[in-house]
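Residues per chain are reported as follows:
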Amino acid sequence: MQKNRIIRIISDIILFAAVANGWWPLAVLIGLGGSWYYPRFIELIIAGVAYDALFGMIKGTGARGWIGTLTAIVLYTIILLVKKIIRR
């Protein structure tokens, strides 16, 4: 149990470091892996909101300013559905 918690904290640190530096491909990979491995890995959605807050919400961008959040929600939902299908 303790080992899982430490791995989750390390993956969270890597995820948020990737978001803060704008390395979105790494953030997506870490988020997908965490969503697959952990039952409720909402850090992916939080990372999407943080990415938009740092890089996306610029005046005049409209819906494109929320692309990180929308992508995170879509990916999280897809992973949940695939996990339900595979892990029956």
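Up top you'll find the structure we're talking about.
Treat the numbers as computed from the prediction; the structure is a model and nothing was measured.

1. Let's talk about the nonpolar core
Thought 1: By size, the foremost hydrophobic cluster in this structure holds ten residues: Leu15, Ala18, Val19, Ala27, Tyr38, Phe41, Leu44, Ala47, Ala72 and Tyr76.
Thought 2: Of all the elements in the fold, those that place two or more residues in this core are helix 1 (2–21), helix 3 (43–56) and helix 4 (67–86).
Thought 3: Sort the elements by how many residues they give to this core and helix 1 lands first, with three residues.

2. Regarding the layout of surface pockets
Thought 1: Of the voids in this model, the largest pocket is the one considered here, and its volume is about 240 Å³.
Thought 2: Along its surface, the largest pocket is lined by 14 residues, and Trp24, Val28, Tyr51, Gly68 and Thr71 are the ones closest to its centre.
Thought 3: Listing elements by their share of the lining of the largest pocket, those giving two or more residues are helix 1, helix 2 (24–37), helix 3 and helix 4.
Thought 4: If one sorts the elements of the lining of the largest pocket by residue count, helix 4 sits on top with five residues.

3. Re the packing of helix 1 against helix 3
Thought 1: The N-to-C vectors of helix 1 and helix 3 enclose an angle of 20 degrees; their axes lie 9 Å apart at closest approach. Judged on the interaxial angle alone, helix 3 and helix 1 are roughly parallel. Crossing of helix 1 against helix 3: the hand is right-handed. Between helix 1, through Arg8, Asp12, Leu15, Phe16, Val19, Ala20 and Asn21, and helix 3, the contact on the second element is made entirely by Glu43, Leu44, Ile46, Ala47, Ala50, Tyr51, Leu54 and Phe55.
Thought 2: Its residues placed into classes, the contact of helix 1 with helix 3 shows eleven nonpolar, one polar and three charged.

4. Structural notes on the packing of aromatic side chains
Thought 1: Inspection of the entire model under this criterion finds three aromatic pairs.
Thought 2: Residues Tyr51 and Phe55 carry aromatic rings whose centres are separated by 5.1 Å and whose planes lie at 50 degrees to one another, so their mutual orientation is tilted. Of this pair, Tyr51 and Phe55 both sit in helix 3, four residues apart, which is roughly one turn of the helix.
Thought 3: Owing to a relative accessible area of 22%, Tyr51 belongs among the partly exposed residues under this scheme.

Conventions and cut-offs
Residue positions are counted from 1 within each chain, in the order its sequence is given. Only residues with pLDDT of at least 70 are given local features in this predicted model, and only at 80 or more are side-chain atom pairs given and counted; all residues enter the totals for whole chains, interfaces and linings. Only hydrogens and water are removed before side-chain values are computed, so all heavy atoms of the structure are retained for them. Note on terminology: a nonpolar core comprises buried Ala, Val, Leu, Ile, Met, Phe, Trp, Tyr and Cys residues joined through side-chain atoms within 4.5 Å. Relative accessibility under 20% of the residue-type maximum defines a buried residue, over 50% an exposed one, and the middle range a partly exposed one, all with a 1.4 Å probe and only protein chains included. Put simply, DSSP H or I for four residues or longer makes a helix, DSSP E for two residues or longer makes a strand, and each gets a number counted from the N terminus. The definitions used throughout rest on a 1 Å grid laid over the protein atoms alone, on which a cavity is an enclosed set of points accommodating a 1.4 Å probe that cannot get out and a pocket is an open set flanked by protein within 12 Å on both sides along at least five of seven lines; lining residues are those having an atom within 4 Å of a point. Grid points are joined across faces, edges and corners, and a volume is the space filled by probe spheres set on the points. Note on method: axes are straight lines fitted to C-alpha atoms, helices fitted across the in-contact stretch only, with angles between N-to-C directions ranging 0 to 180 degrees. For this classification, under 35 degrees means roughly parallel, over 145 means roughly antiparallel, 65 to 115 means roughly perpendicular, and everything else is oblique. Left-handed describes a crossing whose near helix is turned anticlockwise from the far helix by less than a right angle; the clockwise case is right-handed. Between two residues, a contact is recorded if the distance between any of their heavy atoms is within 4.5 Å. Residues are grouped as follows: Ala, Val, Leu, Ile, Met, Phe, Trp, Tyr, Cys and Pro are nonpolar; Asp, Glu, Lys and Arg are charged; all remaining types, including Gly, are polar. Stacked, edge-to-face and tilted labels apply to pairs of Phe, Tyr and Trp rings (six-membered ring for Trp) whose centres lie within 6.5 Å, assigned for plane angles under 30 degrees, over 60, and everything in between, in that order.

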